[in-house]
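Secondary and tertiary structure notes
What follows is the residue order along each chain.
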Amino acid sequence: MEFQVIHKCPTTRARVSRMVLAHGETVLPTFMPVATQAAIKGLTPEQVESLGISLILNNTYHLNLRPGVDVLKVAGGAHLFEGWRHNMLTDSGGFQLVSLSKFTTITEEGAVFSSPFNGESTILTPEESISIQHAIGADIIMQLDDVVPSLLQGPRVEEAMKRSIRWLDRCIQQHESAGRKDAQNLFAIVQGGLDPNLRDKCLDGMLERKDRVSGYAIGGLSGGEEKDVFWKIIKQCADRLPEDRPRYAMGIGFAEDLLVCIALGIDMADCVFPTRTARFGVALTHTGPINLKLGKHAKDFDPIDSTCPCPTCKDGTSRALLHHIVTHETTAAHALTIHNIVFQAQVMGRAREAIIAGTFPDYLLSFFAGYFGDRGYPEWCVAALRSVNVDLLQNSKTPMVPGGGAKWEYSDAA
């Protein structure tokens, strides 16, 4: 990996970086669409490439179950298997310790899974996770970490944090002994739940291993915690992570979350949110999400966003047509997935442009004003951005409101 910070925001901790991997260059900050089963649902690799995406995420746990390591080895890795010519990151399977907890038992050796397909038991160890990721051939691979639910408290959180450090050592050993260090880049994952003291202890341990990892992720968030806690954990970790390594916030997808994280110093993020919400009929826009299932869109013949460069909007596909076919025809899911991926790319691309131009604080003020309008800025966004010298309320009559801030259309009256 070649990693170079090329621009810094003089006000916030935002930065633009150049990351060169085996399959090309990705400019950061960036958002990674999630291709869980070696495909972004509804789109071909050529379509994803045409949207300007250069880094996607594959899921180690699921690819190990199907099609399996043997098939991936014969294919020559996941890039060739799925026809993706650009960069790829694989998670380690750690998140499935939570999402599939009813099928999982955790031991010091690893995680014992019962397959949700046939009930067959398999154990995923740190060594096995790395070996699977070697077979997948991703440009960035993640350590196997011991993941617990975000809201969990008590001794299990500290146990998981300490185990994640021990498992990192095993991942490093497996990665280096396999001779893959120069071809694939291992990232560590900072755990510790919502406890700042445990996060600091985990950071201490992870930073001691800096010379043996290529980057760092912040895990264990976006699981229902209060947003005021979320941003403080992100800031705490980002403030301590090395300047010369990429910083990755796992599972972050809402536009406001992405921009706050960028301002706090985050370079990379991923989430199923934009593609999954597309399949439920929701289009993401710079004035907030649009629920195309609502009847008020039935006679709206405008595109989702007349200024959007995505094929769905450029072709003039109307909200009325999408309302008519959404959740009924796969065409609508495809059209909205394309649009939502481009929206995420626009949010990140405009952030990069603003950082380079020295206008990132102005971009934040403009985006939040357009996105939340008169309904009010979430308190947590105001507090988080104030921590890096940007005041959303400066020269604004928009009120500050409590809550997470996610803006949704729930009814035709919205």
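This text gives an overview of the structure that appears in the document. Remember, it's a predicted structure, so these values are computed and weren't measured experimentally. Sequence positions are assigned chain by chain, starting from 1 and proceeding in written order. Residue-level local features of this predicted model are given only where pLDDT is at least 70; pairs of side-chain atoms are given and counted only at 80 or more, and the full residue set underlies all totals for whole chains, interfaces and linings. As a rule here, side-chain values cover all heavy atoms of the structure and leave hydrogens and water aside.

Brief notes about the pattern of salt bridges
To keep it simple, the criterion reads: Criterion for a salt bridge: a side-chain nitrogen of Lys or Arg within 4 Å of a carboxyl oxygen of Asp or Glu. Put simply, DSSP marks the helices as runs of H or I at least four residues long and the strands as runs of E at least two long, and each gets a number from the N terminus on. Accessible area is worked out with a 1.4 Å probe on protein chains only. A residue is then buried under 20% of its type maximum, exposed over 50%, and partly exposed in between.
This model, assessed by the stated rule, comprises 30 salt bridges. For the salt bridge of Lys162 with Glu158, the shortest nitrogen-to-oxygen distance reads 3.1 Å. With Lys162 and Glu158 both in helix H7 (residues 155-177) and four residues apart, this pair spans about one turn of that helix. Taking relative accessible area as the criterion, Lys162 reaches 41% and is therefore assigned partly exposed. With its nearest N and O atoms 3.6 Å apart, the salt bridge here joins Lys181 to Glu176. If you follow the salt bridges from partner to partner, you end up with Glu108, Asp146, Arg156, Glu159, Arg163 and Arg166 in one network.

As for the pairing of strand E13 (residues 215-218)
Cut-off, in case you're wondering: Strand pairing follows a simple DSSP-based rule, namely that at least 2 bridges must link the two strands. By definition, the crossover connecting two strands over a helix is right-handed if that path, from the first strand to the second, turns clockwise as seen with the strands pointing away from the viewer.
With burial as the criterion, each face of E13 is covered, one bearing Gly215 and Ala217 and the other bearing Tyr216 and Ile218. As defined by bridge partners, strand E12 (residues 185-190) adjoins E13 across four bridges and the pair is classed as parallel. If you follow Ile189 over to E13, its bridge partner there is Ala217. Where the polypeptide runs from E12 across helix H8 (residues 196-207) and back to E13, its parallel neighbour, the crossover connection is right-handed. With helix H9 (residues 227-240) bridging E13 and the parallel strand E14 (residues 247-249), this β-α-β connection has right-handed handedness.

Some words on helix H6 (residues 126-136)
Counted residue by residue, H6 has eight buried out of eleven residues, so it is predominantly covered. Within the sequence span of H6, burial applies to Pro126, Ser129, Ile130, Ile132, Gln133, His134, Ala135 and Ile136. Of the residues one or two after H6, Gly137 is the one with positive phi, at around 85°.

Overview of the packing of H9 against helix H16 (residues 379-386)
Two measures define how a pair of helices packs: the angle their axes make with one another and the distance between the axes. Filter applied, for reference: To get an axis, fit a line to the C-alpha atoms, keeping to the stretch in contact for a helix; angles then go from 0 to 180 degrees between the N-to-C directions. Here the angle decides the label: under 35 degrees means roughly parallel, over 145 means roughly antiparallel, 65 to 115 means roughly perpendicular, and every other value means oblique. Take the far helix as the reference: if the near one is turned anticlockwise from it by less than a right angle, the crossing is left-handed, and if turned clockwise, right-handed. Whether two residues touch is decided by their heavy atoms; if any such pair falls within 4.5 Å, the residues are in contact.
Look at H9 against H16: their axes get within 9 Å of each other, and the N-to-C directions meet at 20°. By the angle class used here, H9 and H16 are roughly parallel. Of the two possible hands of crossing, H9 and H16 adopt the one that is right-handed. On H16, the residues touching Lys227, Asp228, Phe230 and Trp231 of H9 are Trp380, Ala383 and Ala384.

A word on the pairing of strand E2 (residues 15-21)
Regular strands show a simple pattern: their side chains alternate between the two faces of the sheet. Burial runs high along E2: six of the seven residues are buried. Judged from the six bridges that link them, strand E1 (residues 2-8) and E2 form a sheet pairing that is antiparallel. What sits directly across from Glu2, in E2, is Val20. Where E1 folds back on E2, the antiparallel hairpin that results is connected by six residues. By the bridge criterion, five bridges tie E2 to strand E3 (residues 24-28) in an arrangement that is antiparallel. Bridging from a neighbouring strand, Ser17 pairs with Leu28 of E3.

Structural notes on the environment of Asn291
Inclusion rule: In protein, a polar contact requires one atom able to donate a hydrogen and another able to accept it; more generally it is a pair of N or O atoms within 3.5 Å, and residues adjacent in sequence count only if both atoms are side-chain atoms.
Considering the arrangement of structural elements, one finds Asn291 in strand E17 (residues 290-291). Separated by 32 residues in sequence, Asn291 and His323 place their C-alpha atoms 8.8 Å apart. Excluding its chain neighbours within four sequence positions, the residues that come into contact with Asn291 are Gly281, Val282, His297 and Glu409. A polar atom in the side chain of Asn291 sits 3.1 Å from the backbone nitrogen of Lys293.

By themselves, these figures tell us nothing about what the structure is for.
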